[in-house]
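So you can see what is in the structure, the chains are spelled out below.
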Amino acid sequence: MQGHCYLCTNFFDMNILVIGSGGREHALCWKLSKSPRLGQLFAAPGNPGTSEIATNVDLDTNDHESLKAFLLGNKINIVVVGPEAPLVEGIHDNIASDTELSHVNVIGPKKEGAQLEGSKEFSKIFMQKHGIPTAKYQSFTAETVNEGEAFLETLNPPYVLKADGLAAGKGVLIINDLLTAKEELNEMLLQSKFGEASNTVVIEEFLAGLEFSVFALTDGKDYVILPEAKDYKRIGEGDTGLNTGGMGAISPVSFVDNKMMQKVEERIVKPTVEGLSKDGIEYKGFVFFGLIEVNGEPFVIEYNVRMGDPETEVVMPRLKSDLIKLLEAAGNGTLGEHTAEVDERYAVTAMAVSGGYPGSYDKNKKITGTEKVGKSIVFHAGTAIKDGDLVTSGGRVMAFTSYGNTKQEALNTTYESMRKVDFSGMYYRKDIGFDI
Ligand code: AMP
Ligand code: GLY
């Protein structure tokens, strides 16, 4: 395995399980595989990309007994939870409350902390309580739908309606006219438009500005800030068309200068970590701050309790520090002794997606040419092996990450790599980073 040190004793080798199957998890495995502290690396379920640097395991991580047997059987020291759903469902709580697993570091918060992402209302109350800048809001339920309509009348368009719970990234509506906003509010609250997720709806003030993402790793009292990034969510060039899981990302973000990062740290990152601690919420893991700059001031649009996708595909390549050291420190509460060393270069990533995505699309399209890609890192997202061939298995298929001394240099390398790869219906945006 890459990075394994024969002279080191096995005592320090960390066995790690990464949960998830996308580009984010491939990028996390890629970074972990470079650490001299790595023992064995597993991905559950992983994808054909992770299988080149880790052992993919077919494991039902939702089933505590199966997970426990795996963790004990493979002497796992660290579990990195890629997506939010297992955290919101309590995977960390289940591991931590099992006395035989008390030695396992879980990267990702317990259920309570995961509410920062799992409940928009929880996160708004948290930010208000701790003085963290965010859009003004009120929340409503079926009983208060009339008050909700009245609140909409006090706001200026566009109207921002958010389902409180997890809704697979679809629970936020931005609506231009009042009548439609009222209709949608009714559908969310009274007709369960997003199932239980819209039993409560947060209505908030619309903020206009440029969005960016900041990531921190925290042990619950100290934190290290990772490179910032900007992602491109819309399917079409010029940020048009439907929202996707992410079409590309770039880091650094030119408008996020040192002064802005200082504001973000002082007004947002620090009070968030302190707020968690004051509220008695244990939190070990990544915090993803979805931010927006309005007239030079940062506001929180949302929290996520995990790394972003495809931001991870540029953040991990820019992180020079040993990720395993940082994760160990997050686990044992010594992050205060660490900082994140960052590569000065640009990293960009562009996502190749299946034709038709984010609507319906075909799968099982043979992917050719990846072996010709030399200068970019290919992170697999929705791929599979079928009859010995690499094929598409999802909407977002693979991310092409490149470094460059300038943004343009990095982009040129990425697009040169993408032209070498082909599958029927392959589409990608050629304008990542166009706005900065
Ligand atoms: P969220 O799931 O909360 O990140 O919202 C999804 C997207 O909706 C964000 O990435 C923003 O582009 C947009 N959005 C959410 N809240 C607001 C707001 N208050 N003002 C403007 N845009 C917003
Ligand atoms: N790139 C946005 C997300 O991961 O939610």
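The structure displayed is predicted, hence computed values, not measured ones.

A. Highlighting a negative patch on the surface. A contiguous patch of negative charge on the surface is contributed by Asp58, Asp60, Asp63 and Glu65. Overall, Asp60 belongs to the partly exposed group, its relative accessible area being 44%.

B. Up close: the side chain of Lys230. Relative to the assigned elements, Lys230 resides in strand S12 (residues 230-236). A polar contact of 3.3 Å, which involves the side chain of Lys230, links it to the side chain of Asp435. With residues near it in sequence (within four places) discarded, Lys230 still touches Glu211, Gly248, Ala249, Ile250, Val253, Phe255, Asp435 and Ile436.

C. Structural detail: the site of ligand 2. The environment of ligand 2 is formed by Asp231, Phe288, Arg306, Gly308, Asp309 and Glu311. In this structure, Asp309 approaches ligand 2 through a main-chain N or O atom, which is 2.9 Å from an oxygen atom. The protein chains hide 85% of the 200 Å² of surface that ligand 2 would expose on its own.

D. Representation of the pairing of strand S8 (residues 172-175). With burial as the criterion, only one face of S8 is covered, namely that bearing Leu173 and Ile175; the residues Val172 and Ile174 on the opposite face remain uncovered. Note: strand S7 (residues 159-163) against S8, four bridges, orientation antiparallel. Bridge assignment links Lys162 to a residue of S8, and that residue is Val172.

E. Here's a closer look at the site of ligand 1. Around ligand 1, a shell composed of 14 residues is seen, among which Glu204, Glu205, Leu207, Glu211 and Glu302 lie nearest. The side chain of Lys162 places a nitrogen or oxygen atom 3.0 Å from a nitrogen atom of ligand 1. Contact with the protein chains covers 85% of the free accessible surface of ligand 1, which is 470 Å². Elements that contribute at least two residues to the shell around ligand 1 include exactly S7, S8 and strand S15 (297-304). Among the residues forming the shell around ligand 1, the class breakdown is seven nonpolar, no polar and seven charged.

F. The arrangement of the sheet that holds strand S1 (residues 14-20) in detail. The sheet built from five strands is open, its strands ordered S3-S2-S1-S4-S5 with parallel pairing. Each edge of the sheet is formed by a strand with only one pairing partner; in this case those strands are strand S3 (55-56) and strand S5 (105-107). With six bridges joining them, S1 and strand S2 (residues 38-45) adopt parallel strand pairing. Its bridge partner lying in S2, Ile16 is registered against Leu41. Lying on the sheet, helix H11 (residues 323-332) is in contact with S1, S2, strand S4 (78-81) and S5; it crosses S5 at an angle near 110 degrees.

G. Here's a closer look at the sheet that holds strand S10 (residues 210-218). Strand order in this open sheet of four strands is S11-S10-S14-S15, and the pairing throughout is antiparallel. The open sheet has two free edges, formed respectively by strand S11 (223-225) and S15, since each of these has just one partner strand. Taken over all neighbouring pairs, the strand axes of this sheet differ in orientation by 35 degrees on average, direction set aside. Pairing analysis gives nine bridges linking S10 to strand S14 (residues 285-294), with the strands arranged antiparallel. Among the inter-strand pairings, Glu211 is bridged to a residue of S14, identified as Ile292.

H. Representation of the confidence of the model for the protein within the structure. Averaged over every residue, the pLDDT of the protein is 95; residues scoring 70 or more account for 97%. Confidence drops under a pLDDT of 50 for residues 1-5, and excluding neighbours within four residues, the segment shows 15 contacts in the predicted structure.

I. Layout of the pattern of salt bridges. All chains considered together, the criterion is met by 24 salt bridges. The residue Arg267 makes a salt bridge to Glu297 at a minimum N-O spacing of 2.6 Å. Residue Arg267 is found in helix H9 (residues 258-278), and its partner Glu297 is found in strand S15; the two are separated by 30 residues along the sequence. By relative accessible area, Glu297 is classed as partly exposed at 28%. One network of salt bridges, with partners in common, ties together Lys68, Asp98 and Glu100.

J. Structural view of the side chain of Glu328. For Glu328, the position within the fold is in helix H11. In terms of polar contacts, Glu328 uses its side chain to reach the side chain of Arg37, at 2.7 Å. Once residues within four sequence positions are removed from consideration, Glu328 is found in contact with Met14, Arg37, Ile78 and Asn105.

So, how was this worked out
Along every chain, residues carry numbers that run from 1 in the direction the sequence is written. Labels follow written order: the first chain is A, the first ligand is 1, and so on. The model is predicted, so local features are restricted to residues of pLDDT at least 70 and side-chain atom pairs to those at 80 or more, both for listing and for counting; the totals for chains, interfaces and linings are taken over all residues. Based on all heavy atoms of the structure, the side-chain values leave hydrogens and waters out of the count. Within this analysis, patches are made of residues with over 30% relative accessible area and no salt bridge. Like charges are joined at 9 Å or less; nonpolar side chains (Val, Leu, Ile, Met, Phe, Trp, Tyr) at 5 Å or less. In short, Shrake-Rupley with a 1.4 Å probe defines the accessible areas, and a residue's cover is counted only from the protein chains shown. By definition, a salt bridge exists where a carboxyl oxygen of Asp or Glu is found within 4 Å of a side-chain nitrogen of Lys or Arg. Only four residue types enter the tally: Lys and Arg on the positive side, Asp and Glu on the negative side; His and the chain ends are excluded. Where a charge lies is defined by one atom per residue type: Lys uses NZ, Arg uses CZ, Asp uses CG and Glu uses CD. Accessibility here uses a 1.4 Å probe with only protein chains present; expressed as a share of the type maximum, an area under 20% marks a residue as buried, one over 50% as exposed, and anything in between as partly exposed. Secondary structure elements are taken from DSSP: a helix is a run of H or I of four residues or more, a strand is a run of E of two residues or more, and numbering for both begins at the N terminus. What qualifies as a polar contact is a pair of N or O atoms within 3.5 Å, subject to a donor-acceptor requirement within protein and to the restriction that residues adjacent in sequence count only when both atoms come from side chains. Contacts between residues were defined by any pair of non-hydrogen atoms, one from each residue, lying within 4.5 Å. Nearness is defined per residue: one heavy atom within 4 Å of the molecule or strand is enough. Here, any two strands with at least 2 DSSP bridges between them count as paired. The classification used treats Ala, Val, Leu, Ile, Met, Phe, Trp, Tyr, Cys and Pro as nonpolar, Asp, Glu, Lys and Arg as charged, and all other residues, Gly among them, as polar. All axes are obtained by fitting lines to C-alpha atoms, using only the stretch in contact for helices, and the reported angles, taken between N-to-C directions, cover 0 to 180 degrees. You can read pLDDT as the predictor saying how much it trusts each residue, on a scale of 0 to 100.

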